[in-house]
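Working through the structure, step by step
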Amino acid sequence: MKKLTARILLTPAVGSLFLWMIVPLVMSIYFSVIRYNLMSPGEEEFIGLMNYHFFVTDPGFWPAVLNTFILIGAVIGITLVLGIALALLVNDKFPGQSLVRILLISPFFVMPAVNALLWKHMMMNPIYGVLAHVWHFFGLQPVNWLESFPLLSVIIMVSWQWLPFACLIFITSLQSMDREQLEAARMDGANYVQQFRYMYLPHLSRSVAVVIMIEMIFLLSVFAEIFTTTGGGPGFESTNIAFMIYVQGLMNFDVGVASAGGLFAVILANIASIFLIRIIGKNLEK
Amino acid sequence: MKLTALFCLAACAGIAHADTELVVATVNNGHMITMQKLGKFFEKDNPGVKLKWVTLEEGTLRQRVTTDIATKGGQFDVMTIGMYETPIWGKKGWLAEIKPDAKYDIDDMLPAMRQGLSVDGKLYAAPFYGESSMLMYRSDLVQKAGMQMPAHPTWTQIRDIAAKINDPAKGVYGICLRGKPGWGDNMAFLTTLVNSYGGQWFDMKWKPQLTTKPWKDAITFYVDLLKKYGPPGSSANSFNEILALYNEGKCGMWVDATIAASFITDPKQSKVADKVAFASAPVQVTAKGSNWLWAWALAVPASSTKKDAAEKFIKWATSKEYVNLVGKEVGWGSVPTGTRKSTYANAEFLKVAKFAEAEKAAIISANPKDSTLPKSPYVGVQFASIPEFQAIGIATGQQMSAALAGKVSVDKALELSQQAAEREMTKAGYYK
């Protein structure tokens, strides 16, 4: 009886959450099987899986899928390695430690679009950017980052943004390490590499899992950096799935194909998360 | 005491009229920002009407406005739209007709503008400012190189001049042209280039023509020209980026919107203001369609519930009186141009605007109904006014910027663009 009352009382909350989730999904599915272009509405008709066909056979499709994975992989790799290195570096006490930590973390609070503009104009511009000046200083021809290495440029920007996040998690994790154990290891004559391999790394493994999981979720939908700097180009060199859906929906105004693409992204995210849970879930259970 | 009275006055006025709030969506270009500032004059003359501005960057505005009008969202009472959208939307009955009265003096409007914004003789949007494209160049550099700029140069001549004045060691590049992908970015310029090489987007059967010889010649020439004599990073440059470069004195020549002239001749923002000269946009095989035609215009969506007030506002913002108001309040160099004959007859405007003649000539010479050497089924100089063009232009623009960046060959880029165009046209059901 009590159980029933509880269930009845929960119904409105669960119901509205369910609607909130299910309505957009059903609408996406509906749009994905009709011809629906905002530039010529009123001509909607059922076309089956044609929209999926057009999305998957788009010349930009495979490059976009590949770029999405390269982007996620590279950014996670960079933030893990540099994040652990930086966290270890600022772990021991030194004057001005708290200030340095705040500075380290601050890029995370810069908005993605601002981050992109900052890199596009202040750093990577081949004529007046900081990097161009550095190259000139060494007597070299400045690199035209956004044109020659568009995907790498985006990876650098996104990594710069996410490195503080990783760093923050690792710093917090290192704080909780058992000092006495470390002391003991040192007394037993373990060098730094050994300490790192057998003490620090196992201790950090859980936070590594957290960083990978959270970054994976957010990096699947990287958009602002690409939109503001390279516009997905040149060609498809920096187009990812999120940007491709944007192009279909809001530049071509083709709601049908964009919905098909959105559903494809949902499937992709699910596949990724299944693997993720398999690998990392085990790690977390320990 | 005075203040209290003023407050009361304001408050009482507020109570007396139930305020009509007009939501105006517009682009963040200089002329529109001025309109926003001067909006208080309109409010003063029309008590009870309040203006609420939504000012956005061009691409974002286009998205907001298109989604709003297509889904009958009704967020805006006045929309800023271009020559591309107006005929398509007008034909669909999405826009309210603008009925000019005697005071509005429709015959003062430049015919090219009026035609481009009308469907079956009915005006669906009023031009706020109009533009064509032309060549802007540094007369000092051309002179120093011992060359002379013809009034109607060909692209071959332009290449020779660019070669002479190109001096990257001193930070001066022979020519700056658009390269950033987008149907309104690089494709606006490239379409005029292809037109002048005798090319077109579609033949009379709506077959895309992107792998034909004129396209290949034009794009090969463009890529080669910019690689040799253009600034680095051209594939990311559009109007605003090049404007900044030009004002810094880094460009020898530039073919772009006539509206740029009023910025690069303004000593307040341009380091080379006194060294700029103008010529008509370069031609090659034909002069047809070598310079574009565009207008930013104001329109009322058919779904608006405040049509009368909205129309009143549009007539105010596109009137002769408004041009005079800008002249008096902001300066004659900043008046919106390209819409009315009377502007070009105004002595005070002509005194400060040395680009006026070139601009007027360019606008008059453009004809959206006959802009390609072979006959084309579409209307528009630097675009084809069909709903599918947007997607095709964007896809092609991406490929062209990839070719410019040296990522793919010109042939491959054109082939991929042709495929994209055919896909879109098939999807839209052109070939059944």
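What you see is a predicted model, and the numbers here were worked out from it, not measured in a lab. Note on numbering: residues in each chain are counted from 1, in written sequence order. By the order in which they are written, chains take letters starting at A while ligands take numbers starting at 1. Side-chain atom pairs in this predicted model are given and counted only at pLDDT of 80 or more, local residue features only at pLDDT of at least 70, and totals for whole chains, interfaces and linings cover all residues. Values reported for side chains reflect all heavy atoms of the structure, with hydrogen atoms and water molecules removed beforehand.

**Let's talk about the packing of aromatic side chains**
Put simply, the rule is: Note on aromatic pairs: the rings of Phe, Tyr and Trp (six-membered ring only in Trp) are paired at centre separations within 6.5 Å, and the planes decide the class, stacked below 30 degrees, edge-to-face beyond 60, tilted for the rest. Per the convention used, a helix needs a DSSP run of H or I reaching at least four residues, while a strand needs a run of E reaching at least two, with both numbered from the N terminus. Buried, partly exposed and exposed residues are distinguished by accessible area as a fraction of the type maximum, computed with a 1.4 Å probe on protein chains only: under 20%, between the cut-offs, and over 50%, respectively. As a reminder, the over-ring test applies to NZ of lysine and CZ of arginine, requiring each to be within 6 Å of the ring centre and within 35 degrees of the ring normal.
Under the defined criterion, the tally for this structure stands at 51 aromatic pairs over all chains. Where W183 of chain B meets F383 of chain B, the ring centres are 6.5 Å apart and the plane angle is 80°; that geometry is what we call edge-to-face. Separated by 200 residues along the polypeptide, W183 of chain B in the loop between strand 7 (173–176) and helix 8 (186–196) and F383 of chain B in the loop between helix 16 (356–365) and helix 17 (389–404) bring together distant segments of the chain. Comparing W183 of chain B with F383 of chain B shows no difference in burial state: the two are buried. For the pair F239 of chain B and W254 of chain B, a centre-to-centre distance of 5.7 Å together with 40° between the ring planes defines the contact as tilted. Here F239 of chain B is found in helix 10 (residues 239–247), whereas its partner W254 of chain B is found in strand 8 (residues 251–257), with 15 residues between them in sequence. Given the relative accessible area of 0%, W254 of chain B is considered buried. Here the aromatic cluster, defined as three or more aromatic residues joined through ring pairs, consists of Y84, W183, W201, W215, W294, W296, F383 and F389 of chain B. Here R340 of chain B stacks its cationic end above the ring of Y104 of chain B, 4.9 Å away from the centre of that ring. Directly above the ring of F54 of chain A sits K427 of chain B, whose terminal nitrogen or CZ lies 5.2 Å from the centroid.

**A look at the side chain of R101 of chain A**
Residues and elements named next belong to chain A. Put simply, the rule reads: Here Asp and Glu are counted as negative and Lys and Arg as positive; His is not counted, and neither are the chain ends. Here, a salt bridge means any Lys or Arg side-chain nitrogen found within 4 Å of an Asp or Glu carboxyl oxygen. Every residue pair with non-hydrogen atoms within 4.5 Å of one another is taken to be in contact.
Counting through the fold element by element, R101 comes out in helix 4 (residues 97–105). One buried charge, R101, has no salt-bridge partner; the nearest side chain with opposite charge is D92, at 8.2 Å. Among residues more than four places away in sequence, those in contact with R101 are V90, N91, I171 and Q175.

**Digging into helix 12 (residues 241–251) of chain A**
Residue and element names in this part refer to chain A. Of all the 11 residues making up helix 12, nine are buried; the element is thus mostly covered by neighbouring parts of the structure. Those residues of helix 12 lying buried are I241, A242, F243, M244, I245, Y246, V247, Q248 and G249. In the segment just after helix 12, F253 is the residue with positive phi, at about 60°.

**Observations regarding the interface of chain B and chain A**
Formally: The quantity reported as buried area is the accessible area (1.4 Å probe) lost by two parts once they are put together, taken as the sum for both.
Chain B puts 33 residues into the contact, and the matching count from chain A is 33 residues. Interface of chain B and chain A: buried area, both sides summed, is about 2,900 Å²; carbon and sulfur atoms make up 58% of it. The largest share of the area that chain B buries against chain A comes from K407, R423 and K427 of chain B, three residues that together contribute 23% of it. At the junction of chain B with chain A, the criterion picks out three salt bridges.

**As for the pattern of salt bridges**
Side chains carrying opposite charge are able to pair once their charged atoms draw close together. All names here are of chain A. Counted according to the given criterion, the structure contains 21 salt bridges over all chains. Across the salt bridge formed by R35 and E45, the nearest N and O atoms sit 2.9 Å from each other. Linking R35 in the loop between helix 1 (2–32) and helix 2 (50–56) with E45 in the loop between helix 1 and helix 2, this pair joins segments that are 10 residues apart in sequence. We classify R35 as partly exposed; its relative accessible area is 23%. On the basis of relative accessible area, E45 is assigned to the partly exposed category, the value being 37%.

**Description of the UniProt feature "domain: ABC transmembrane type-1" (unreviewed entry) in chain A**
Condition: UniProt positions are given in the numbering used here, feature names are shortened, and annotations may be inferred rather than shown by experiment.
Mapped onto this numbering, the UniProt entry gives "domain: ABC transmembrane type-1" (unreviewed entry) at residues 65–276 of chain A. Helix makes up 75% of residues 65–276 of chain A and strand 0%, whereas the separation of the span's terminal C-alpha atoms amounts to 18 Å.

**Some details on the state of the cysteines**
Residue and element names in this part refer to chain B. Inclusion rule: By definition, disulfides here are pairs of cysteine sulfur atoms that lie within 2.5 Å.
In this structure the tally under the stated criterion is one disulfide over all chains. Two residues share a disulfide in this structure: C176 and C251, whose sulfurs sit 2.0 Å from each other. Of note, the bridge from C176 to C251 carries an S-S torsion of about -90° and is left-handed in sense. With C176 in strand 7 and C251 in strand 8, this pair connects stretches of sequence that are 75 residues apart. Of the two residues, C176 and C251, neither departs from the other in class, the shared state being buried.

**Concerning the UniProt feature "transmembrane region" (unreviewed entry) in chain A**
Residues and elements named next belong to chain A. What UniProt calls "transmembrane region" (unreviewed entry) maps, in this numbering, to residues 12–33, 69–90, 102–119, 149–171, 207–227 and 257–280. Structurally, residues 102–119 is divided into 67% helix and 0% strand, and its ends, taken at the C-alpha atoms, are 21 Å apart. End-to-end, the C-alpha atoms of residues 149–171 are 32 Å apart, and along that stretch the chain is 96% helix and 0% strand.

**Some points on the environment of K288 of chain B**
If you trace the backbone, K288 of chain B turns up in the loop between strand 9 (276–280) and strand 10 (293–299). Along the backbone, K288 of chain B and N367 of chain B are 79 residues apart, and their C-alpha atoms lie at a distance of 8.5 Å.

**Some words on the packing of helix 7 (residues 155–165) of chain B against helix 9 (residues 213–229) of chain B**
Residues and elements named next belong to chain B. Convention followed: Between N-to-C directions, angles span 0 to 180 degrees; the directions come from axes that are lines fitted to C-alpha atoms, helices contributing only their stretch in contact. Angle categories are assigned with fixed cut-offs, so that under 35 degrees is roughly parallel, over 145 is roughly antiparallel, 65 to 115 is roughly perpendicular, and the rest are oblique. Should the near helix be turned anticlockwise from the far one by less than a right angle, the crossing is left-handed, and should it be turned clockwise, the crossing is right-handed. Under the scheme applied here, ten amino acids are nonpolar (Ala, Val, Leu, Ile, Met, Phe, Trp, Tyr, Cys and Pro), four are charged (Asp, Glu, Lys and Arg), and all others, including Gly, are polar.
Between helix 7 and helix 9, the shortest axis-to-axis distance is 10 Å and the interhelical angle comes to 15°. If you check the angle between helix 7 and helix 9, you find them roughly parallel. Along this stretch, helix 7 crosses helix 9, giving a crossing that reads as left-handed. Of helix 9, the residues touching helix 7 (which contributes W155, R159, A162 and A163) are F221, L225 and Y229. Partitioned by chemical class, the residues of the contact of helix 7 with helix 9 number six nonpolar, no polar and one charged.

**Describing the pairing of strand 2 (residues 49–56) of chain B**
All names here are of chain B. Selection rule: Pairs of strands are assigned from DSSP output, requiring at least two bridges between the strands. With the strands aimed away from the viewer, a crossover counts as right-handed if its path from the first strand over the helix to the second runs clockwise.
Two elements, strand 1 (residues 20–27) and strand 2, share eight bridges in a ladder whose sense is parallel. By the bridge assignment for strand 2, T20 is matched with V49. What joins strand 1 to strand 2 is helix 2 (residues 30–45), and the crossover it makes is right-handed.

**Observations regarding the domain arrangement of chain B**
Residue and element names in this part refer to chain B. So the rule is basically this: Domain start and end points were adopted from an automatic or database domain assignment. Throughout this description, a polar contact denotes any pair of N or O atoms lying within 3.5 Å of each other; where both atoms belong to protein, one of them has to be capable of donating a hydrogen while the other can accept it, and for residues adjacent in sequence the pair is counted only when both atoms sit in side chains.
One can read the domain layout of chain B as domain 1 (2–130 + 294–356) and domain 2 (133–292 + 367–427). Using C-alpha coordinates to define each centre, domain 1 is positioned 30 Å away from domain 2. Interface area for domain 1 against domain 2, summed over the two sides, is near 1,500 Å², with a carbon-plus-sulfur share of 64%. When residues of domain 1 are sorted by the area they lose upon contact with domain 2, Y84, K354 and F355 head the list and together hold 44% of the total. Put simply, domain 1 and domain 2 have zero salt bridges between them. Applying the counting criterion to the domain 1 and domain 2 interface returns five residue pairs in polar contact (both at pLDDT 80 or more).

**Thoughts on the side chain of D58 of chain A**
Relative to the assigned elements, D58 of chain A resides in the loop between helix 2 and helix 3 (61–89). Every residue in contact with D58 of chain A, bar those within four places of it in the chain, is listed here: M244 and Q248 of chain A together with R423 of chain B.

**Thoughts on the nonpolar core**
Test applied: To qualify as a nonpolar core, a set must consist of buried Ala, Val, Leu, Ile, Met, Phe, Trp, Tyr and Cys residues joined through side-chain atoms within 4.5 Å.
By size, the foremost hydrophobic cluster in this structure holds 195 residues, and its most contacted members are W155, M253 and F313 of chain B. With 11 residues, the top contributor of residues to this core is helix 8 (residues 150–175) of chain A. Residues within four places of W155 of chain B in sequence aside, it is in contact with I175, F189, L193, S196, Y197, F221, L225, V255, P282, V283 and Q284 of chain B. Residues V65, I241, V257 and A258 of chain A belong to the second largest nonpolar core, which totals 11 residues.

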